[in-house]
Amino acid sequence: MAYTKNEIINMLATVADDEVEKLRQQAYSVMLENCGSNVYLRGLIEFSNICTNNCNYCGIRKSNHKVHRYQLNRENILQSAIMSMKSGFGSVVLQSGQRQDAEFVGFVCSIVREIKQITKSEMLPNGVGITLSVGEQSEETYRKFFDAGAHRYLLRIESSNPELYAKIHPGEMKFENRLHCLEVLKKIGYQIGTGVMIGLPGQTLEDLANDILFFKSIDADMIGMGPFIPHKDTPMNEEKFPWDKNRNYRLGLNMIAATRLVLEDVNIASTTSLQAIAEGGREHGLMFGANVIMPQQTCQEVRNEYLLYDGKPFLNETIDELASGVKQKVEALGRKIAFNTFGDPLHFFNRGKK
Ligand code: SAH
């Protein structure tokens, strides 16, 4: 169904319990109609927090000298990928800070190749699906990653309002370049994922409605978005920008529902930042129309060094505990986990048909 911007703003503005429940039920049934009740799991491997960017909101920004920087070695990453595969997650996400140097690009290519090789099984003859989320890169680099075997890419637009984008990023980070990267990724043939932070200082409901229309206009296949949470060692810390936790949480859920209603057949992730605000937040997102969860699969030793915002959950559990915990929680909702499959977004195959 085509919704107007005002209709989307009204969805986002919903606060009364019974109205929220109505919105949730609508979104849930559109999800069931278009995607079924399956939940897809992707093991999240945060393989390095070394970053050359200085995003004003992000805890691992280059200028935060309090962070101990790490890059996981090959064996360690492969081990996480194998554990994800053994848990039946059909896909992994490799995420890190942004680096564009040749050494980094070569490392990512070889690790993608090795993961594809080593996770081949009877169930997954092509190995696990690989999503990369390593920031802005050149077309040549994106092609190398694709040729190595990555078939999805996550690059959030962070805000589709260029003025707001400029306020939360340093001058050298250009909105146009982010857009250009998304176009290039699509041209190469990736399934493209994007998203925004919800509840940014100065962000209006109209901005968020425009974000959803933006996702539609670029024909995104996957959406990953979550509430903005201030990090104490960034220019956008809580003292300078007091935040309303409950509002960001509610808006986070309303955004998932509204995105499902407008975009219908895309994959929508219920992200960790929802969980960081409220226990059970990730499961809650699934009830509002999300169909993907990315369980933490980074080794425990470095997990607390990849802190984008304060209050990151799941710092102390083992990889196995996290895998079995998520299975139990999803099944308790009456949703089925689709094991041993890539879990590609139907939208990618429906593109141009609707
Ligand atoms: N370097 C990669 C990965 C970035 S981290 C890239 O540039 O795409 C993944 C996401 O975490 C970011 O896209 C951002 O939307 C989110 N994030 C960062 N800081 C955050 C904060 N303080 N609150 C909520 N989300 C945050």
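Sequence positions are assigned chain by chain, starting from 1 and proceeding in written order. This being a predicted model, a pLDDT of at least 70 is required before a residue's local features are given, and a value of 80 or more before pairs of side-chain atoms are given or counted; all residues contribute to the totals for chains, interfaces and linings. Side-chain numbers here rest on the full set of heavy atoms in the structure, without hydrogens or water.

1. Concerning the overall build of the protein
Then comes step 1: Think of it this way: any DSSP run of H or I at least four residues long counts as a helix, any run of E at least two long counts as a strand, and we number them from the N terminus. Each helix and strand in the protein was counted, giving 14 helices and 10 strands.
Then comes step 2: The globule rule puts the C-alpha radius of gyration for 354 residues at 20 Å, and the 19 Å found for the protein is close to it.
Then comes step 3: Counting over 354 residues, the protein shows a buried share of 59%.
Then comes step 4: Per-residue and other accessible areas follow the Shrake-Rupley method at a 1.4 Å probe size, with only the shown protein chains counted as cover for residues. About 14500 Å² of surface is accessible on the protein, with carbon and sulfur atoms providing 51% of the total.
Then comes step 5: Charge counting follows a simple rule: Lys and Arg are positive, Asp and Glu are negative, and His as well as the terminal groups are ignored. Charge positions come from single atoms, namely NZ of Lys, CZ of Arg, CG of Asp or CD of Glu. Of the charged side chains in the protein, 40 are positive and 42 negative; the average position of the first set lies 3 Å away from that of the second. Radius of gyration here uses only the C-alpha atoms, and the compact-globule reference equals 2.2 Å multiplied by the residue count raised to the power 0.38. Between buried and exposed lies partly exposed: a residue is buried under 20% and exposed over 50% of the maximum accessible area for its type, with that area taken using a 1.4 Å probe on protein chains only.

2. A short note on the site of the ligand
Then comes step 1: One heavy atom within 4 Å of a molecule or strand makes the whole residue count as near it. The immediate surroundings of the ligand are formed by 19 residues, with Tyr-57, Ser-96, Arg-156, Glu-158 and Ile-229 found nearest.
Then comes step 2: Throughout this description, a polar contact denotes any pair of N or O atoms lying within 3.5 Å of each other; where both atoms belong to protein, one of them has to be capable of donating a hydrogen while the other can accept it, and for residues adjacent in sequence the pair is counted only when both atoms sit in side chains. Contacts to the ligand include Tyr-57, whose backbone N or O atom sits 3.0 Å from a nitrogen atom.
Then comes step 3: A distance of 3.5 Å separates a nitrogen atom of the ligand from a polar atom in the backbone of Leu-308.
Then comes step 4: Contact with the protein chains hides 91% of the accessible area of the ligand, taken as 560 Å² for the molecule alone.
Then comes step 5: When residues are sorted by character, Ala, Val, Leu, Ile, Met, Phe, Trp, Tyr, Cys and Pro go into the nonpolar class, Asp, Glu, Lys and Arg into the charged class, and all the rest, Gly among them, into the polar class. A class-by-class count of the residues in the shell around the ligand yields 10 nonpolar, 6 polar and 3 charged.

3. Notes on the environment of Leu-205
Then comes step 1: Inspection of the secondary structure puts Leu-205 in helix 8 (residues 205-217).
Then comes step 2: Expressed as a C-alpha distance, the spacing of Leu-205 and Ile-8, which sit 197 residues apart in the sequence, is 8.9 Å.
Then comes step 3: Here a residue-residue contact requires only that any non-hydrogen atoms of the pair lie within 4.5 Å. If we skip the residues at most four places from it in the chain, Leu-205 touches Ile-9, Leu-12, Ala-13, Arg-247 and Leu-251.

4. Things to note about the packing of helix 1 (residues 5-12) against helix 9 (residues 245-263)
Then comes step 1: One can describe the packing of helix 1 onto helix 9 by two numbers: an axis separation of 8 Å at closest approach and a directional angle of 145°. Judged by the sense of rotation from one axis to the other, the crossing of helix 1 with helix 9 is right-handed. Residue-level inspection shows Ile-8, Met-11 and Leu-12 of helix 1 in contact with helix 9, the latter providing Leu-251, Asn-254, Met-255, Ala-258, Leu-261 and Val-262.
Then comes step 2: Taken together, the residues of the contact of helix 1 with helix 9 break down into 8 nonpolar, 1 polar and no charged. Axes here refer to lines fitted to C-alpha atoms; in helices the fit is confined to the stretch in contact. Angles between the N-to-C directions go from 0 to 180 degrees. Should the near helix be turned anticlockwise from the far one by less than a right angle, the crossing is left-handed, and should it be turned clockwise, the crossing is right-handed.

5. Regarding the nonpolar core
Then comes step 1: Residues grouped as a nonpolar core are buried Ala, Val, Leu, Ile, Met, Phe, Trp, Tyr and Cys residues, joined through side-chain atoms within 4.5 Å. By size, the foremost hydrophobic cluster in this structure holds 101 residues, and its most contacted members are Phe-47, Leu-94, Tyr-142 and Phe-145.
Then comes step 2: For this core, the leading source of residues is helix 9, giving 10 residues.
Then comes step 3: Excluding anything up to four places from it in sequence, Tyr-142 contacts Gly-135, Glu-136, Gln-137, Tyr-153, Leu-155, Cys-181, Val-184, Leu-185, Ile-188 and Tyr-190.
Then comes step 4: Grouped together as the second largest cluster of nonpolar side chains are 9 residues, Leu-44, Met-222, Val-292 and Met-294 included.

6. Quick word on the pattern of salt bridges
Then comes step 1: Should a side-chain nitrogen of Lys or Arg be within 4 Å of a carboxyl oxygen of Asp or Glu, the pair is scored as a salt bridge. Going through the model one piece at a time under the given rule, you end up with 19 salt bridges.
Then comes step 2: Two residues, Lys-312 and Glu-46, come together in a salt bridge whose shortest N-O distance is 2.9 Å. Of this pair, Lys-312 sits in the loop between helix 12 (300-303) and helix 13 (319-332) while Glu-46 sits in strand 1 (residues 38-48); the two residues are 266 residues apart in sequence, bridging distant segments of the chain. The same class applies to Lys-312 and to Glu-46, which are both buried.

7. Digging into unusual backbone geometry
Where the residue is not glycine, phi is negative for most of them; where a peptide bond is considered, it is trans in most cases.
Then comes step 1: One non-glycine residue, Asp-219, lies in the positive phi region at around 60°.
Then comes step 2: Assignment of secondary structure puts Asp-219 in the loop between helix 8 and strand 7 (222-227).
Then comes step 3: Positioned with a positive phi, Phe-314 is a non-glycine residue whose angle comes to about 60°.

8. Regarding helix 13
Then comes step 1: Spanning 14 residues, helix 13 covers 20 Å between terminal C-alpha atoms, matching the ideal 20 Å at 1.5 Å per step.
Then comes step 2: Along helix 13, the positions that sit buried rather than exposed are Ile-319, Leu-322, Ala-323, Gly-325, Val-326 and Val-330. Buried residues in helix 13, looked at end-on, bunch into an arc of 165°, giving them a common side. Exposed residues on helix 13 whose side chains face more than 90 degrees from its buried face are Gln-328 and Ala-332.
Then comes step 3: Looking at the buried side of helix 13, the elements it contacts are strand 1, helix 3 (74-86), helix 11 (281-287), strand 9 (292-293), helix 12 and strand 10 (336-337). A helix's residues, less one, multiplied by 1.5 Å, set its expected span. Arc definition: directions from the helix axis to the C-beta atoms.

9. Describing the pairing of strand 7
Then comes step 1: Extensive coverage of strand 7 is indicated by the burial of 6 of its 6 residues.
Then comes step 2: Across 2 bridges, strand 5 (residues 191-194) lies against strand 7 in parallel orientation. Within the sheet, the bridge partner assigned to Gly-193 lies in strand 7 and is Met-222.
Then comes step 3: Two strands qualify as a pair provided that DSSP identifies no fewer than 2 bridges between them. Sheet topology note: the strand 6 (residues 197-198)/strand 7 ladder contains 2 bridges and is parallel. When the bridges of strand 7 are listed, Met-197 appears paired with Gly-226.
Then comes step 4: Call a crossover right-handed when, viewed with both strands pointing away from you, the route from the first strand across the helix to the second goes clockwise. With respect to chirality, the unit in which strand 6 leads through helix 8 into the neighbouring parallel strand 7 is right-handed.
Then comes step 5: Two elements, strand 7 and strand 8 (residues 267-270), share 4 bridges in a ladder whose sense is parallel.

10. Concerning the side chain of Asn-291
Then comes step 1: Its place among the elements puts Asn-291 in the loop between helix 11 and strand 9.
Then comes step 2: At a separation of 3.4 Å, a polar atom in the side chain of Asn-291 contacts the side chain of Arg-260.
Then comes step 3: Here Ile-268 takes part through its backbone nitrogen, which lies 2.8 Å from a polar atom of the side chain of Asn-291.
Then comes step 4: Among residues more than four places away in sequence, those in contact with Asn-291 are Cys-35, Asn-38, Val-39, Tyr-40, Arg-260, Val-266, Asn-267, Ile-268, Leu-286 and Arg-335.

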